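# Structural overview for review
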Amino acid sequence: MPTVYECPSCGKKLKIPDDLLGKTVRCSDCAGTFLAERPRSAAPLQPPSLRGHDDDEFNERQSRRVPFRDSDGRMPHRGVLVMIFGIVSIVMIVFSGGACAGGTVHGSIVIGSVPCAAIGLVLGILSWIWGSKDLSFMRAGVMDPSGHGMTLAGYVCGIIGTVVNALTLVMSCVALVLALLFGAVFAGSWCCLLS
């Protein structure tokens, strides 16, 4: 029966047949070699980042994988970026005319509100996703918690911006279609009157 091993270089779980026990085997992912021995204890396997490695190749690979870490080994926060995206998402609500504002009355306002609402929607979704992910990293202690306030503010602004910009985009598209229909009916009626 094959035994499951974890590659000490990349952490991939490999199934090694019993006839290769005691021999050097090569990982199919990273091409690293290690000695396949029967596990001595039933201790749970830890991810490579928690094991003590003195291997220079492993440290170099880890530094390429996550290039920015502070002295404690935590990722830096991106709270400023999340907050800027969230705030710009809310500002785009104003430029697009808002979901319930008079942006649907005049055709040129409707046409101008569609791109603004689309930009605000994209930025709101990004700040919502990044903020949620970063807040969970901060709770887990993997990311620098000093940007918690900015990340939380950007996350909340992203949620608000996403919802309102989505409503604005839908209402603007509906108003644009209605304006085109009424314009066609109006032009058709004038053509009938003139002929």
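Quick note: structure is the one above.
Residues numbered from 1 in each chain as written. Predicted model: local features only at pLDDT ≥ 70, side-chain atom pairs only at ≥ 80, totals over all residues. Heavy atoms only, no water.

### Some remarks on the pairing of strand E1 (residues 3–6)
Where E1 meets strand E2 (residues 13–16), four bridges bridge the pair, whose relative direction is antiparallel. Considered in E2, the bridge of Thr3 is made with Ile16. Between E1 and E2, which pair antiparallel one after the other, the connecting turn spans six residues, and Gly11 there sits at a positive phi close to 85°. (Pairing = 2+ DSSP bridges. Helix = DSSP H or I, 4+ residues; strand = E, 2+ residues; numbered from the N terminus.)

### Some details on a nonpolar patch on the surface
A surface patch of nonpolar side chains, amounting to about 580 Å² of accessible area, comprises Val170, Val174, Val177, Leu178, Leu181 and Phe182. When you line up the elements, Val170 lands in helix H4 (residues 148–194). (Patch = residues over 30% accessible without salt bridge, like charges linked within 9 Å, V, L, I, M, F, W, Y side chains within 5 Å. Areas by Shrake-Rupley, 256 points an atom, 1.4 Å probe, with all protein chains shown as cover. Salt bridge = Lys/Arg side-chain N within 4 Å of Asp/Glu carboxyl O.)

### A closer look at the pattern of salt bridges
In total, this model carries one salt bridge according to the counting rule given. A salt bridge links Asp134 to Arg78; its shortest N-O distance comes to 2.8 Å. Of this pair, Asp134 sits in helix H3 (residues 107–140) while Arg78 sits in the loop between helix H1 (56–65) and helix H2 (79–96); the two residues are 56 residues apart in sequence, bridging distant segments of the chain. The exposure class of Asp134 is buried, given its relative accessible area of 0%. (Buried < 20%, exposed > 50% of the residue type's maximum accessible area, 1.4 Å probe, protein only.)

### Here's the deal with the side chain of Thr168
Mapped onto the elements, Thr168 comes out in helix H4. In terms of polar contacts, Thr168 uses its side chain to reach the backbone carbonyl oxygen of Val164, at 2.8 Å. (Polar contact = N/O pair within 3.5 Å; in protein donor to acceptor, adjacent residues only side chain to side chain.)

### Re the packing of H2 against H4
At a minimum axis distance of 7 Å, the contact between H2 and H4 shows a crossing angle of 30°. When the axes of H2 and H4 are compared, the pair comes out roughly parallel. Seen from above, H2 lies across H4 with left-handed handedness. Looking at the contact of H2 with H4, its residues break down into 13 nonpolar, eleven polar and no charged. (Axes fitted to C-alpha atoms, helices over the stretch in contact; angles between N-to-C directions. Parallel < 35°, antiparallel > 145°, perpendicular 65-115°, else oblique. Left-handed = near helix turned anticlockwise from the far one by under 90°. Nonpolar A, V, L, I, M, F, W, Y, C, P; charged D, E, K, R; others polar.)

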